[in-house]
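Examining the three-dimensional arrangement
Below are the chains, spelled out letter by letter.
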Amino acid sequence: MFNSVIEVENLGKKYLIQHQDAAGYRTFRDTLVTNAKSIVNRIVHPRRSSQKNIEEFWALKDLNFVIDQGDRLGIIGRNGAGKSTLLKILSRITEPTTGRIRLRGRVASLLEVGTGFHPELSGRENIFLNGAILGMSKHEIRRKFDEIVAFAEVEKFLDTPVKRYSSGMYVRLAFAVAAHLEPEILIVDEVLAVGDMAFQQKCLGKMEEVGQSGRTVIFVSHNMATVKQLCNKACLLDSGTLLDLGEPGAMIASYMETTVGSRTADGQKNYQHLKGDRRAEIIQVIVNDLEQGEATVPIFGDLELALQYRVLELVEGLQFFVLIHSVKTGEVISSSWQKDTGQYVTPQEPKGTVKLKFTNHLLPGKYVISAGMYAGEQCVDWVEYAESFVVENAFVDGQKYDRRPGKISFPGHWYS
């Protein structure tokens, strides 16, 4: 009997990217002449013309790993690391260019909102359609039908066409079908971020239950605390290569370390813009006026964060926020939201700076800062793991004191 359910050997995926020559205004005559030349070039130099302006891009390169039955694997990495491409290959949506994968068992995938649903059919009809796509018999679907509907919380809209569903309702129903029809391998992308917090926790509980029942879960998320909570293994991808696979805490710490220190070829900070419409964007986060190196602060010392931003399009009522993560777990330990103060920023064009000053109550250790901007309910920019800082051990009566429990410490006012 095999313990492994997924075996990946020398896996690679190549895409061909065609680049078009930049051109300004062109007349109809210019277009005819260009097309005629192109036809002649293809006849005279067939090999040369076919390769012109085409670039090879390897989304995945030489991946090798094995996943055992019952594993809950988190896949983490920067945007463009190859996470979604890997899931599409594991889900048999796309074929690999090199290497091979062995899957033992039935696979259910939830990669995009509404995947496998027909918009004109009702929720009820789509449960049977999606179940059939996943390889289930009508008897199996009927046996699980009530559980699926109860989990998805869409009883009132069961006979409504799903094209009228909100994105949250789509996700609830799609996840309920995929998780309840008992696949041996359940693959879930970041789509759970669409649902509300209560439903996300409900889904995480269901995925833990799936793993504990001996089935396998593959999970991609930018939420490191969720990966830590759900998964017993994690793999770190970067630019299509597998950097490491192991215990989630170690992989998360490695990911956060490499992300914070990342720079572009010209030496600029390579910030990861997680989401937002980018009408304005964070261009630099500076801790305690230190533009190079890593800031160090004691417990109860002052921290000042400078958020430098660039305005690309006028935004009314721009509001900033800051999240502070633990490097050990990826968990958000603390946060600050400008909207809580009732203060708003009139953007300075084309660039501006907003500063946040506060007293540090975090315990000794290393922390990472994410920052971003909102306008109303719309996310404008969200920079993940922009900068880091270190909190020093406390000194009491001249001696180092580092045995404080908890996540934060406060001096308070002691009296009798």
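Residues numbered from 1 in each chain as written. Predicted model: local features only at pLDDT ≥ 70, side-chain atom pairs only at ≥ 80, totals over all residues. Heavy atoms only, no water.

This part covers the pairing of strand 9 (residues 241–246). When strand 8 (residues 233–238) meets strand 9, the two strands line up antiparallel, connected through 5 bridges. Across the sheet, the residue bridging to Asp238 is Thr241, located in strand 9. Counting the residues that bridge the hairpin from strand 8 to strand 9 gives 2 residues, and of these Ser239 lies at a positive phi of roughly 55°. (Pairing = 2+ DSSP bridges. Helix = DSSP H or I, 4+ residues; strand = E, 2+ residues; numbered from the N terminus.)

Helix length check: helix 7 (residues 197–212) (16 residues) gives 23 Å between terminal C-alpha atoms against 22 Å at 1.5 Å per residue, within 8%. The set of residues buried in helix 7 consists of Phe199, Gln200, Cys203, Leu204, Lys206, Met207, Val210 and Gly211. Each buried residue of helix 7 sits inside an arc of 160° when the element is viewed along its axis, so together they form one side. Exposed and facing more than 90 degrees away from the buried side of helix 7 are Met197, Ala198 and Gln212. Where helix 7 is buried, its residues meet strand 3 (72–76), helix 5 (138–152), helix 6 (167–180), strand 6 (185–188), strand 7 (216–220) and helix 8 (224–230). (Expected span 1.5 Å × (residues − 1). Buried < 20%, exposed > 50% of the residue type's maximum accessible area, 1.4 Å probe, protein only. Arc of directions from axis to C-beta. Contact = heavy atoms within 4.5 Å.)

The subject of this paragraph is the environment of Leu237. If you trace the backbone, Leu237 turns up in strand 8. Counting along the chain gives 151 residues from Leu237 to Leu86, while the straight-line C-alpha distance between them is 10.0 Å. Not counting residues up to four positions away in its chain, the partners in contact with Leu237 are Leu63, Ile75, Ile76, Gly77, Arg78, Ala81, Gly82, Lys83, Leu86 and Leu242.

For the rest of this paragraph, the subject is the sheet that holds strand 13 (residues 302–311). For sheets, the rule is that strands pair by backbone hydrogen bonds, running either parallel or antiparallel. Pairing is antiparallel across the open sheet formed by 3 strands, whose spatial order is 11-13-16. Looking at strand neighbours, the two that pair on one side only are strand 11 (280–287) and strand 16 (351–359), the edges of this open sheet. When the angles between neighbouring strand axes are averaged without regard to direction, this sheet yields 20°. Sheet topology places strand 11 next to strand 13; 7 bridges connect them, and they run antiparallel. (Axes fitted to C-alpha atoms, helices over the stretch in contact; angles between N-to-C directions.)

A separate point is the pattern of salt bridges. For the structure shown, the criterion picks out 19 salt bridges. Note that Asp71 and Lys233 form a salt bridge whose closest N and O atoms lie 2.9 Å from each other. Of the two residues, Asp71 sits in the loop between strand 2 (54–68) and strand 3 while Lys233 sits in strand 8, which places them 162 residues apart along the sequence. Close ionic contact of Lys144 with Glu147 constitutes a salt bridge, the shortest N to O distance being 3.9 Å. Pair noted here: Lys144 and Glu147 are both in helix 5, with a separation of 3 residues, about one helical turn. For Lys144, a relative accessible area of 13% puts it in the buried group. Take Glu147: its relative accessible area is 40%, and that puts it in the partly exposed class. Salt bridges sharing common partners tie together Glu7, Glu9, Arg100, Arg102 and Arg104. (Salt bridge = Lys/Arg side-chain N within 4 Å of Asp/Glu carboxyl O.)

At a minimum axis distance of 8 Å, the contact between helix 5 and helix 6 shows a crossing angle of 145°. Judged by the twist between their axes, the crossing of helix 5 over helix 6 is right-handed. Contacts between helix 5 and helix 6 involve Lys144, Glu147, Ile148, Phe151 and Ala152 on the former and, on the latter, Arg172, Leu173, Phe175, Ala176, Val177 and His180. When the residues that make up the contact of helix 5 with helix 6 are grouped by side-chain class, the tally is 7 nonpolar, 1 polar and 3 charged. (Left-handed = near helix turned anticlockwise from the far one by under 90°. Nonpolar A, V, L, I, M, F, W, Y, C, P; charged D, E, K, R; others polar.)

As enumerated under the stated definition, the model contains 11 aromatic pairs in all. Ring centres of Tyr309 and Phe320 lie 5.3 Å apart, and the angle between their planes is 55°; this geometry places the pair in the tilted category. You can see Tyr309 sitting in strand 13 and its partner Phe320 sitting in strand 14 (residues 318–326), a full 11 residues away along the chain. As far as the burial class goes, Tyr309 and Phe320 line up, both buried. Cluster of aromatic residues (ring-pair linked, three or more members): Phe321, Trp337, Tyr374 and Trp382. Seen from the ring of Tyr15, Lys13 lies directly overhead, with NZ or CZ sitting 5.3 Å from the centre. Sitting over the ring of Phe151, Lys202 keeps its end group 4.7 Å from the ring centre. (Phe/Tyr/Trp six-rings, centres within 6.5 Å; stacked < 30°, edge-to-face > 60°. Lys NZ or Arg CZ within 6 Å of the ring centre and 35° of its normal.)

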